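Structure assessment
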Amino acid sequence: MPWPRRRGVRHVVGLQRRQGPAARYVRDLVAQGYVGDVRAARISVGVDAFPPVMPERVAWTFDVDAFTHVLSIYGGHFLDVLFQIVGPPKDLTAIVETQFPELTVLETGKTVPSAKPDEVLAIGTLENGGLFSVQLEGAQKFPTGLQIDITGTEGVLRLTNDRAFENTADNTIHGVNGDSGNGSALAVLPVPEEYRSLPDASLDESVQDLAHLYAAFARDKANGTTEATTFADAVRQHHLIDRIQRSSEEFSA
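These remarks concern the structure in this document. What you see is a predicted model; the values in this text were computed from it and never measured.

**What about the overall build of the protein chain?**
Tallying secondary structure elements over the protein chain gives five helices and 11 strands in all. Taken against the 2.2 N^0.38 rule, which gives 18 Å for 253 residues, the C-alpha radius of gyration of the protein chain at 19 Å falls within 12% of a compact globule. Counting across all 253 residues of the protein chain, residues that qualify as buried make up 45%. Looking at the protein chain alone, contacts between residues at least 24 apart form 69% of all its contacts between residues at least 6 apart. A total accessible area of about 13300 Å² is found for the protein chain, and carbon and sulfur atoms account for 53% of it. Across the protein chain, the centroid of the 23 positively charged side chains sits 6 Å from that of the 33 negatively charged ones.

**Topic: the packing of helix α2 (residues 21-31) against helix α3 (residues 70-86)**
Taken N-terminus to C-terminus, the directions of α2 and α3 make an angle of 25°; their axes are 8 Å apart at the nearest point. Considering the angle they form, α2 stands roughly parallel to α3. Contact residues: A23, V26, R27 and V30 in α2; V81, Q84 and I85 in α3. Among the residues making up the contact of α2 with α3, the classes are represented as five nonpolar, one polar and one charged.

**Section: the environment of G224**
Within the secondary structure, G224 sits in the loop between α4 (205-223) and α5 (231-252). Sequence-distant contacts of G224, that is, excluding residues within four places in its chain, are made with R10 and R219.

**Remarks on the side chain of S247**
As for its placement among the helices and strands, S247 is situated in helix α5. Residue class for S247 comes out buried when judged on its relative accessible area of 9%. Setting aside anything within four residues of it in sequence, one finds S247 in contact with L92, T93 and A94.

What counts as what
Residues numbered from 1 in each chain as written. Predicted model: local features only at pLDDT ≥ 70, side-chain atom pairs only at ≥ 80, totals over all residues. Heavy atoms only, no water. Helix = DSSP H or I, 4+ residues; strand = E, 2+ residues; numbered from the N terminus. Rg over C-alpha atoms; globule rule 2.2 N^0.38 Å. Buried < 20%, exposed > 50% of the residue type's maximum accessible area, 1.4 Å probe, protein only. Contact = heavy atoms within 4.5 Å. Areas by Shrake-Rupley, 256 points an atom, 1.4 Å probe, with all protein chains shown as cover. Lys, Arg positive; Asp, Glu negative; His and termini not counted. Charge placed at Lys NZ, Arg CZ, Asp CG, Glu CD. Axes fitted to C-alpha atoms, helices over the stretch in contact; angles between N-to-C directions. Parallel < 35°, antiparallel > 145°, perpendicular 65-115°, else oblique. Nonpolar A, V, L, I, M, F, W, Y, C, P; charged D, E, K, R; others polar.

This is the structure we're talking about:
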């Protein structure tokens, strides 16, 4: 048991993307049986971050040991979103690639060898049943953003955003199930207002997710609940990242 929990210390860790209104609503829809039993969950995250040419001010990230790359950052945040919706992974197989092994400092043209991951593929099983697949891709010239598809015995849910980060709008939810009428097309599912507990703001949704995290932490302190992510969640994500990296090394051996 982590020492903060043993000591009864209230604390929070910045896995904030799960706190966005749309992400929380999809989690609850799945828990309420909207898709029935989960058969498969797919996530794709495509970003323009970590391109092969970057400014000198971020050159410190060129070293893989800085732990600042597509798998650690975007994998850490968005795999947390996926698995808090459909339950934790059980078994997995992964390939982690460095497709840009040479990085360039924009201002000087200096080139530096790098082993930072910029492409990740993984497949596996879920503890609650069903399968999952993952694609994380950095350095995209035209970012594909975020897409999560959850299929089940009774329906389908889709969570999308044009951008995975620095997104001006919250994720959009589409869904269809046995209660959706005679049609079979996915339709937009508006997020109920009770999931939007913060005052209206002009802030980037990525920033507002952090505000939702702090609001959850405040509710936890007041009510004795455990909604906000903690050190235990961070450890779980680090273990998952390690599993993905080890699986790739074994796959390539």
